[in-house]
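Residues per chain are reported as follows:
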Amino acid sequence: MRLSSQTTLNVSRNNKSSKCIGQVTLACLMLLSFSTIGQSVSDSQDRVTVDPPSSSHTQPVKAFPSDSAHGWLEKMAYAHSHLNYSISFVLLKPGVDSQPYLWRHGVTSEGVQMEQLNLLNGPGREVVRIENKVSYFEPNVPPYSLQSSVINGPFPSEFFQQPDEIKDSYDFVMVGRSRVSGRAAQQIRIVSKDKSRFGMNVWLDQETGLMLKMNLVDLNGQLLEQIQVTACHVTEQPDDFFEKIEPAMLPEVLKLRPQSDTKAIWDIDYMPIGMVEVKRDIHRLPITGQSVEYVMLSDGLVDVSIYMRDSQNDGINQDILLRHESDTLLTLNKGTLNVTVVGKLPPETANRIASSIHLAN
C-alpha cells in the first residue's frame with residue numbers, strides 16, 4: 001500500500017464495495033474528535049497574560065531538582081496534582097478556529113482532588129472530576145459519570161500526572177529556557193524512541209511547574225496542534241466554583257459491561273516501543289451492526305484503536321487512508337482480513353501495525 005503525507009481517500013468504483021467501506025469508515029470516524037472550526041495558530045499569541053502566584057503557595061514545588069528533564073517533569077506532575085489553580089488556555093490548529101477552555105483544579109484540606117474542564121465556545125462541554133468520579137455534561141446527551149482518575153480533554157491528562165509511565169516509549173530532553181506568556185519557562189522535548197510516533201514540546205513555568213504551552217509536532221517538526229495558556233491563577237484555596245458542587249447530585253457512574261476474556265482471533269506482531277495491549281474485546285459497529293474484534297494499544301501518551309474482522313464474503317477489497325491534522329484512520333485489506341487503525345500517529349506507523357496482523361495460531 002502506498003501512503004501519502006497528505007489527506008487521501010482511495011475508494012473503489014465498485015458501488016457495493018464503496019458503500020460498505022463507507023459505512024465501516026463512518027462508524028470508526030464517530031470515535032474521533034475531529035475539529036471543524038477554523039483560525040490560524042498565531043492569532044492569540046500577543047494577548048496572553050499569566051498572573052504570578054504567591055511564592056508561599058508554590059514553595060514545595062521549588063524543592064524539585066531543575067537540572068534534568070526528568071526532574072522538571074516530576075515538578076510538573078506534583079504541581080498539576082497538588083496546587084489550586086485556574087488556567088485559561090486555547091487549543092490551536094493550523095487553519096482552524098481556536099477553541100478556548102477553562103481548566104480548574106483544587107485540593108481540599110482532606111486531600112480530595114477536584115477538577116473542571118469547560119469548553120467555552122459553542123454549546124459547550126463540561127467535565128467535572130471529584131477524586132475518581134468523572135461526570136460529563138454535553139449538548140443533546142444525558143449527563144453521565146465514569147469511574148476514572150483523569151478527564152478526557154485536549155491535553156494528555158495521564159502524562160501530567162504520571163510522566164514516568166511513558167519513559168519506556170519516549171526520551172526526555174532539556175532544550176533551554178525561554179519566555180512564554182510573560183513568564184520564564186523551561187522547554188522539555190519529548191521524542192519517540194523509535195521515531196514511530198509524533199513528538200511533543202512542553203514549556204513549564206519556572207516557578208510553579210505548570211504547563212504554559214504544548215506543541216504536538218510531526219516527524220519533520222511541523223506543528224500539528226498547540227495548547228497556549230492565556231491566563232493562570234494559583235491560589236491558596238480551591239476556586240469558589242467547587243463549593244457549589246454537590247457530589248450527591250452528580251450523575252451516577254455508568255455500570256459498564258465487564259470486560260470478558262476474549263480469545264484472540266488475530267495476532268499483532270508489531271507495536272511501537274513501549275506500546276502495549278490494554279484492552280481486547282468484541283465490538284458491534286453502531287451503523288453496520290457488524291461484529292469486530294477490538295484491540296486498544298497504549299504507551300501512556302497515545303491510544304490506538306484497532307478493529308479487525310473477516311471480510312471473506314462482503315466484497316470489500318479496497319484500502320483507505322484518511323488524515324486530519326494529527327489523526328489517522330487507515331483501513332487495510334489482507335486477503336480475508338479487514339483491519340482499521342485509528343489514532344494520533346503517523347500513517348506509516350498505522351500501516352506497519354496493520355500489516356503485521358495475522359490469524360492467531
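Since the structure is predicted, the reported quantities are computational estimates derived from the model, not experimental observations.

> A description of the overall build of the protein should follow, citing residues and the corresponding values.
A tally of regular secondary structure across the protein gives four helices and 19 strands. Sorting the 361 residues of the protein into buried and exposed places 49% on the buried side. Pairs at least 24 residues apart make up 54% of the contacts formed inside the protein by residues separated by at least 6 positions. Accessible surface computed for the protein: about 17,600 Å², of which carbon and sulfur atoms make up 48%.

> Provide a residue-level description of the pairing of strand β4 (residues 125-130), including the pertinent values.
Judged from the six bridges that link them, strand β3 (residues 113-119) and β4 form a sheet pairing that is antiparallel. Within the sheet, the bridge partner assigned to N118 lies in β4 and is E126. Hairpin remark: β3 followed by β4, antiparallel, with five residues in the connecting loop; positive phi at G122, about 65°. As paired elements, β4 and strand β5 (residues 133-138) share five bridges and run antiparallel to each other. Looking at the pairing, V127 lines up with Y136 of β5.

> An account of the side chain of S326 is requested, with residue identities and associated values reported.
Here S326 is to be found in the loop between β16 (320-324) and β17 (327-334). Of note is the side chain of S326, whose polar atom sits 2.8 Å from the side chain of K344.

> Would you mind going over unusual backbone geometry in detail, with residue names and values included?
One non-glycine residue, E131, lies in the positive phi region at around 55°. On the accessibility criterion, E131 (34% relative accessible area) is partly exposed. The phi torsion at N140 lies on the positive side, around 65°, for a residue other than glycine. Looking at where N140 falls in the secondary structure, it is placed in the loop between β5 and β6 (141-147). Accessibility expressed as a relative area gives 83% for N140, which makes it exposed.

> Outline helix α2 (residues 69-82), supporting the account with residue identities and numerical values.
Helix length check: α2, at 14 residues, gives a terminal C-alpha distance of 20 Å against a target of 20 Å (1.5 Å per residue), a fit within 8%. Taken across its 14 residues, α2 has 10 buried, putting it largely inside the fold.

> Outline a negative patch on the surface, listing residues and values.
Side chains of E74, E158, D164, E165, D168 and D303 sit close together on the surface and give a patch of like negative charge. Mapped onto the secondary structure, D168 falls in the loop between α3 (157-161) and β7 (170-180). Under the relative-accessibility criterion, D168 is labelled exposed at 54%.

> Can you explain the packing of aromatic side chains? Please cite residues and give values.
In this structure the tally under the stated criterion is 12 aromatic pairs. Ring plane angle 15° and centroid distance 5.2 Å describe the contact between Y136 and Y144, whose orientation is recorded as stacked. With centroids separated by 5.7 Å and ring planes inclined at 45°, the aromatic side chains of F155 and F160 adopt a geometry described as tilted. For the pair F155 and F160, one class covers both residues: buried. One aromatic cluster is present, formed by Y85, F89, Y101, W103, F155, F159 and F160 through successive ring pairs. Above the face of the Y170 ring, R197 is positioned so that its terminal group lies 5.1 Å from the ring centre. Against the face of W203 rests K213, its NZ or CZ located 4.2 Å from the ring centre.

> An account of the environment of G106 is requested, with residue identities and associated values reported.
Tracing the backbone through its elements, the reader meets G106 in strand β2 (residues 99-107). Take G106: its relative accessible area is 0%, and that puts it in the buried class. Distance from G106 to D239, taken between C-alpha atoms, is 6.8 Å for residues 133 residues apart in sequence. In this structure, G106 is in contact with N84, V112, Q113, M114, P238 and F242, ignoring residues within four places of it in sequence.

> Mind laying out the sheet that holds strand β13 (residues 276-284), listing which residues take part and the relevant values?
Judged by pairing direction, the sheet is antiparallel, and its six strands sit side by side in the order β13-β14-β15-β18-β17-β16 without closing on themselves. Each having just a single partner strand, β13 and β16 make up the two edges of the open sheet. Shown here is a sheet whose adjacent strand axes are inclined to one another by a mean of 15°, direction ignored. The pairing of β16 with β17 spans five bridges and is classified as antiparallel. Paired with H324 across the bridge in β17 is D327. Contacts from helix α4 (residues 347-355) reach β15 (303-310), β16, β17 and β18 (337-343), with the element oriented near 30° to β17.

> Describe the sheet that holds β7, and please don't skip the residues or the numbers.
An order of β6-β5-β4-β3-β2-β1-β11-β10-β9-β8-β7 is seen for the 11 strands of this open sheet, with the pairing classed as antiparallel. Two strands close off the open sheet at either side, each with one partner strand: β6 and β7. The average angle at which neighbouring strand axes cross in this sheet is 15°, direction not considered. Pairing of strand β1 (residues 84-92) with strand β11 (residues 223-235) involves nine bridges; the strand directions are antiparallel. Each residue of the ladder has a partner; that of I87, found in β11, is C232. Most of the contacts of α2 go to β2, to which it runs at about 80°, and overall it touches β1, β2, β3, β7, β8 (183-192), β9 (199-205) and β10 (211-217).

What counts, and at which threshold
- Residues numbered from 1 in each chain as written.
- Predicted model: local features only at pLDDT ≥ 70, side-chain atom pairs only at ≥ 80, totals over all residues.
- Heavy atoms only, no water.
- Helix = DSSP H or I, 4+ residues; strand = E, 2+ residues; numbered from the N terminus.
- Buried < 20%, exposed > 50% of the residue type's maximum accessible area, 1.4 Å probe, protein only.
- Contact = heavy atoms within 4.5 Å.
- Areas by Shrake-Rupley, 256 points an atom, 1.4 Å probe, with all protein chains shown as cover.
- Pairing = 2+ DSSP bridges.
- Polar contact = N/O pair within 3.5 Å; in protein donor to acceptor, adjacent residues only side chain to side chain.
- Expected span 1.5 Å × (residues − 1).
- Patch = residues over 30% accessible without salt bridge, like charges linked within 9 Å, V, L, I, M, F, W, Y side chains within 5 Å.
- Salt bridge = Lys/Arg side-chain N within 4 Å of Asp/Glu carboxyl O.
- Lys, Arg positive; Asp, Glu negative; His and termini not counted.
- Charge placed at Lys NZ, Arg CZ, Asp CG, Glu CD.
- Phe/Tyr/Trp six-rings, centres within 6.5 Å; stacked < 30°, edge-to-face > 60°.
- Lys NZ or Arg CZ within 6 Å of the ring centre and 35° of its normal.
- Axes fitted to C-alpha atoms, helices over the stretch in contact; angles between N-to-C directions.

Any functional reading would require information beyond the geometric quantities listed.
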